[in-house]
Amino acid sequence: MTIVDTRTPDPKRFIPGATGDWEVVIGMEVHAQVTSKSKLFSGASTEFGKAPNANVSLVDAAMPGMLPVINEECVKQAVRTGLGLKAQINKRSIFDRKNYFYPDLPQGYQISQFKDPIVGEGKIVISVGPDRKGEFEDIEIGIERLHLEQDAGKSMHDQHPTMSYVDLNRSGVALMEIVSKPDLRSSDEAKAYLTKLRTILRYLGTCDGNMDEGSMRADVNVSVRKPGGDFGTRCEIKNVNSIRFVGQSIEYEARRQIAILEEGGSIDQETRLFDPGKGETRSMRSKEDAHDYRYFPDPDLLPLEFDDAFIEELAAHLPELPDDKKARLIETVGLSVYDASILVSDKAIADYFERAAKGRDGKLVANWVINDLLGALNKAGQSIEETPVSPDQLGGIVDLIKAEVISGKIAKDLFEIVWNEGGDPAAIVEERGMKQVTDTGAIEKAVDEIIAANPDQVEKAKAKPSLAGWFVGQVMKATGGKANPQAVNALVKAKLGLED
Amino acid sequence: MSELTRLTIAEAREKMRARDLSSVELTDAYLSAIDAANPSINAYVTVTADKARAMAKRSDERMASGEAGALEGIPLGIKDLFATEGVHTQACSHILNSFEPRYESTVTSNLWNDGAVMLGKLNMDEFAMGSSNETSYYGPVVNPWRVEGSNKSLVPGGSSGGSAAAVAAELCAGATATDTGGSIRQPAAFTGTVGIKPTYGRCSRFGIVAFASSLDQAGPIARDVRDAAIMLRSMASTDAKDTTSVDRAVPDYEAAVGRSVKGLKIGIPKEYRVDGMPGEIDALWQQGIDWLKEAGAEIVEISLPHTKYALPAYYIVAPAEASSNLARYDGVRYGLRQQGRDILEMYEKTRAEGFGEEVQRRIMIGTYVLSAGYYDAYYLKAQKVRTLIKRDFETVFADGVDAILTPATPSAAFEIGDAEMAADPVKMYLNDIFTVTVNMAGLPGIAVPAGTSTDGLPLGLQLIGRPFDEETLFAAASVVEKAAGRFTPKRWW
């Protein structure tokens, strides 16, 4: 494979060293668990969190004479993902066996795709920023391939003093291995790539992207070079399970490699592990210890073949992807790039927004979602899925503002009430007299009448301004609570000649 | 010895239909025959007498109520390679020590659904790797045939040696077998029985312990052509659990038995006249040609130019797949486990203890040919050869050839412990020289007894057909059978 360098060295990404600037080059292999009810080649359930070995079929346990049968839904999910990555879909692909011995690999081989993957080259546009000027930079990152493969089981070494246990629940679960080209040039870009990939998978519904449950893991290939120079020797950091750790591991690994090179050393191609506790990577095995996997086509499985109609059917029902949604929100809803970017970054937020904005002023709803809702959620440490204010409730608040039933200021109070107590915003406004009466003449008339009918009280109030409250109460009573209390208060004070 | 065990499947079926015979009687006759013969023949590694009697009783009940299946009440032997629920299934290997599956192979399920009765599990070469049944963990099977005037033990062929010997010695009415490079046809030829390896994909491989997945195919060994046809019809099926099985209706093979071969074009491949082939094999072949000609078939000389590469290519492809298929026998989940200091030592000890010499040899060959740096030179090249072999056959079939006639084996059965073959595994591998091409091309092939050697041992001819045209093979084989007669060993046990 010839690697093409698609990027122009950019000083703002350089890492300064003792001998000058360095550039880090990163490629990622992401293992994403396919969202499907059953495993890639067996009918066993993929449900997370079951008792050890509860989701194991005879095929998963590699009993003698068992044969794999491809799960069509997993194939569809891989094709959907390929379409979402604007990638080449291969109508003929081949499953190979990757042979190695390990107790959590019952067959003694993993069924994977080696030479002929189901999906070929594609791309992801990542957005890095905003910078100090509030600008985002869009960068196109190449996808090398996507292939389907089986997950292994789990060895547990902490259950017994002298033995290891094996849990085969994950054994045979479908994974998509999504391989990027070495197009990433900073830890921020790598994090943005992983974030964007996860967003796309979630939009597509092909992977839940829950890294803490192991549904998504990244192998990160890192090398360093003098800016624009030849690619350096890479190290692969295996199984990094959070976006934050991806960033940290790259930062550490780049500096480690730079330090070695600056001292005149050379980089050994090896596999490394990231230790989140220490924030370091450490050597796992060298190239010399690398397995010879003896890949060959799995004779139990025919080549995987489908036609254009199969792809077209899936393409026709593909959900709107984040980039398309962002463009639509900017063009047809009129949102700013910044607002649109924030809203589409998380499918759950975008879904929330779209539901709240349906038939409403999108820009106003976007403001409320971004500033008020996300702000409150952030403060409470809650996710969008846990929001106490539903899209319909938020939409109701916006409706009241638009209809000038309440002012923007009252709306903030209303939002807080809905957040804490729930309920229908319109009913709350009604019950608590939060409605603003725009007919000031009617309010003034009521104030004048009360003042005229109560000269004694007027005198007392002039001596003791706090008694103005009595007038406000009377006016509210006379107007049936519909007047805006603040407006009444201001009017009473003005009529009585009292200053705030 | 009961006369009942002499009956073919077709004969027993008629007697049972006429209520002249019950399945319990027939089953008991076989169980007695096994008791008497097995210490000498060693065809069975497990006899399931209680199960057999219970199944026979149920068959009799079904026949009484008029619900008889195609193989109702027929007692069969099952090669140890087929998974049989709750019954010994070890591929005659020590590594599957005490293994009894909780599931049933599709082929045996089909047989039981058609009413067949299981007598027990049959001996075989370990993991079906061998041509003499000498690699079994349970010791060699002895061929019921002996050279006239000799009491030396001969091999029954392999890997389905137990199946062939049990059928020849009348220890079952018919037997299941499997064929990866000749494992049905060569033992059938060595024992005077009929064995057919159907087209790849005709029988489901689900529940059959895998040797070489792209070559393995189940088929029957039976007393005569008709019985083989009856059994294959029950064994064959489309199976969603095996994606390499073919979605195609199973024809009534029995109807093809005795069908005229008039006007059929029978190809005689010149490349099968190998150097050093014994004159008696050549004569047998010529005899077969004459019989078919007399029956009205047209004989044409054909060329299958890549034949000579088939055996070496086979001994790359089959071990390659085997090395991976046998990786699951690691001592972790079932079968034998030899404790070690760590996981690596446990693997090493278990596999060293559990696998026999021939199996270890093939695992090593297979591992080697798939290794980085050797893959292209061996495995990939062998796959290319395979494509060429397949094309050879496609070309002659496209030219109108309906079936191909060849010898089944280059010799008659040899002695157990043959020094030459023990010293040189390649000599043993040469037994498959006429049969491997058929597996490499995925075609159907039948071995039918056609005569005897000068020593009085049975010899067989092979007929090779177009994909899924087993019917033509049954028709042509029955011509040979009619002309040659049946071959039964003299009882010495």
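Let me sum up the structure you'll find in this document. Once a new chain begins, its residue numbering starts again from 1 and follows that chain's sequence as written. Both sets of labels track the order of writing: A upward for chains, 1 upward for ligands. In keeping with the predicted nature of the model, local features appear solely for residues at pLDDT of at least 70, side-chain atom pairs appear and are counted solely at 80 or more, and the whole-chain, interface and lining totals rest on all residues. Only hydrogens and water are removed before side-chain values are computed, so all heavy atoms of the structure are retained for them.

1. Let's talk about the interface of chain B and chain A
Here is step 1 of the chain: Between chain B and chain A, the residue contacts involve 38 residues of the former and 30 residues of the latter.
Here is step 2 of the chain: Interface of chain B and chain A: buried area, both sides summed, is about 2800 Å²; carbon and sulfur atoms make up 59% of it.
Here is step 3 of the chain: Summed over both partners, the accessible surface that disappears when two parts come together, traced with a 1.4 Å probe, is what is meant by buried area. Contact with chain A buries surface across chain B, with Tyr103(B), Thr243(B) and Arg328(B) losing the most and accounting together for 22% of the total.
Here is step 4 of the chain: Within this document, salt bridges are pairs made up of a side-chain nitrogen of Lys or Arg and a carboxyl oxygen of Asp or Glu, the two lying within 4 Å of each other. For the pair chain B and chain A, the interface holds one salt bridge.
Here is step 5 of the chain: One salt bridge connects Arg205(B) with Asp300(A), and the closest N-O pair in it is separated by 3.1 Å.
Here is step 6 of the chain: For the side of chain B that touches chain A, the elements supplying multiple residues, two or more each, are helix H9 (310–325), helix H10 (343–354) and helix H11 (357–370) of chain B.
Here is step 7 of the chain: Helix numbers and strand numbers start at the N terminus; a helix is a DSSP run of H or I with at least 4 residues, a strand a run of E with at least 2. The element contributing the most residues to the side of chain B that touches chain A is H9(B), with five residues.
Here is step 8 of the chain: For the side of chain B that touches chain A, the residue count by class is 19 nonpolar, ten polar and nine charged. Any two residues whose heavy atoms approach within 4.5 Å at even a single point are treated as in contact. Note on residue classes: Ala, Val, Leu, Ile, Met, Phe, Trp, Tyr, Cys and Pro are nonpolar, Asp, Glu, Lys and Arg are charged, and everything else, Gly too, is polar.

2. Some remarks on the pairing of strand E8 (residues 298–302) of chain B
Here is step 1 of the chain: Of the strand pairs in this sheet, strand E7 (residues 265–269) of chain B and E8(B) are connected by five bridges, and their pairing is parallel. Counted as the bridge partner of Ile268(B) is Glu301(B) from E8(B). When DSSP locates at least two bridges between a pair of strands, those strands are taken to pair.

3. With respect to the packing of helix H8 (residues 362–380) of chain A against helix H10 (residues 408–421) of chain A
Residues and elements named next belong to chain A.
Here is step 1 of the chain: Running from N to C, H8 and H10 point in directions that differ by 45°, and their axes come no closer than 12 Å. By the angle between their directions, the pair H8 and H10 is classed as oblique. Seen from above, H8 lies across H10 with right-handed handedness. Residue-level inspection shows Trp368, Asp372, Leu373, Ala376, Leu377 and Ala380 of H8 in contact with H10, the latter providing Ala411, Lys412, Phe415 and Trp419.
Here is step 2 of the chain: Split into classes, the residues belonging to the contact of H8 with H10 amount to eight nonpolar, no polar and two charged. Structural elements are reduced to axes, namely lines fitted to C-alpha atoms, with helices fitted over the stretch in contact, and the angle between N-to-C directions of any two is expressed from 0 to 180 degrees. Orientation categories follow fixed angle ranges, with anything under 35 degrees roughly parallel, anything over 145 roughly antiparallel, 65 to 115 roughly perpendicular, and all other angles oblique. If you view the pair so one helix is near and one far, a crossing is left-handed when the near helix is turned anticlockwise from the far one by less than a right angle, and right-handed when it is turned clockwise.

4. Re the state of the cysteines
Here is step 1 of the chain: Disulfides are defined in this document as cysteine sulfur pairs within 2.5 Å. In this structure the tally under the stated criterion is zero disulfides over all chains.
Here is step 2 of the chain: Looking at Cys74(A), it has no disulfide partner, and the nearest cysteine sulfur is the one in Cys207(A), 12 Å off.
Here is step 3 of the chain: With no disulfide of its own, Cys172(B) lies 14 Å from the sulfur of Cys92(B), the closest cysteine sulfur.
Here is step 4 of the chain: On the basis of relative accessible area, Cys172(B) is assigned to the buried category, the value being 0%. We call a residue buried when its accessible area falls under 20% of the maximum for its residue type, exposed when it is over 50%, and partly exposed in between, using a 1.4 Å probe and counting protein chains only.

5. Considering the pairing of strand E11 (residues 458–465) of chain B
All names here are of chain B.
Here is step 1 of the chain: Most of E11 sits out of view: eight of its eight residues are buried.
Here is step 2 of the chain: Residues Pro458, Gly460, Gln462 and Ile464 point to one face of E11 and Leu459, Leu461, Leu463 and Gly465 to the other, with burial holding for every one of them.
Here is step 3 of the chain: Where strand E9 (residues 403–407) and E11 come together, five bridges link them in antiparallel fashion. Residue Leu405 lies in a different strand from E11, and its bridge partner there is Leu463.
Here is step 4 of the chain: Remark: five residues form the turn of the hairpin made by strand E10 (residues 445–452) and E11, two consecutive strands paired antiparallel; Gly456 in that turn has positive phi of roughly 85°.

6. Describing the nonpolar core
Here is step 1 of the chain: Definition of nonpolar core: a set of buried residues of the types Ala, Val, Leu, Ile, Met, Phe, Trp, Tyr and Cys, connected through side-chain atoms within 4.5 Å. Phe127(B), Phe393(B) and Phe474(B) are the most contacted members of the largest nonpolar core, which has 168 residues in total.
Here is step 2 of the chain: No other element matches H9(B), which puts ten residues into this core.
Here is step 3 of the chain: Sequence-distant contacts of Phe393(B), that is, excluding residues within four places in its chain, are made with Tyr272(B), Leu304(B), Ile404(B), Thr437(B), Ala441(B), Leu443(B) and Ile464(B).
Here is step 4 of the chain: Within the second largest apolar cluster, 107 residues are counted, among which are Val34(A), Cys74(A), Ala190(A) and Leu321(A).

7. Here we look at the pattern of salt bridges
Here is step 1 of the chain: Inspection of the entire model under this criterion finds 70 salt bridges over all chains.
Here is step 2 of the chain: Arg13(A) is paired through a salt bridge with Glu137(A); the nearest N and O atoms lie 2.8 Å apart. Residue Arg13(A) is found in the segment before strand E1 (15–17), and its partner Glu137(A) is found in strand E7 (residues 137–150); the two are separated by 124 residues along the sequence.
Here is step 3 of the chain: Judged by relative accessible area, Arg13(A) falls into the buried class, the value being 12%.
Here is step 4 of the chain: For the salt bridge of Glu345(B) with Arg341(B), the shortest nitrogen-to-oxygen distance reads 2.9 Å.
Here is step 5 of the chain: Judged by relative accessible area, Glu345(B) falls into the buried class, the value being 15%.
Here is step 6 of the chain: Beyond isolated ion pairs, a larger network of salt bridges with shared partners links Arg7(A), Asp10(A), Lys12(A), Arg13(A), Glu137(A) and Glu189(A).

Geometric values such as these leave the question of function open.
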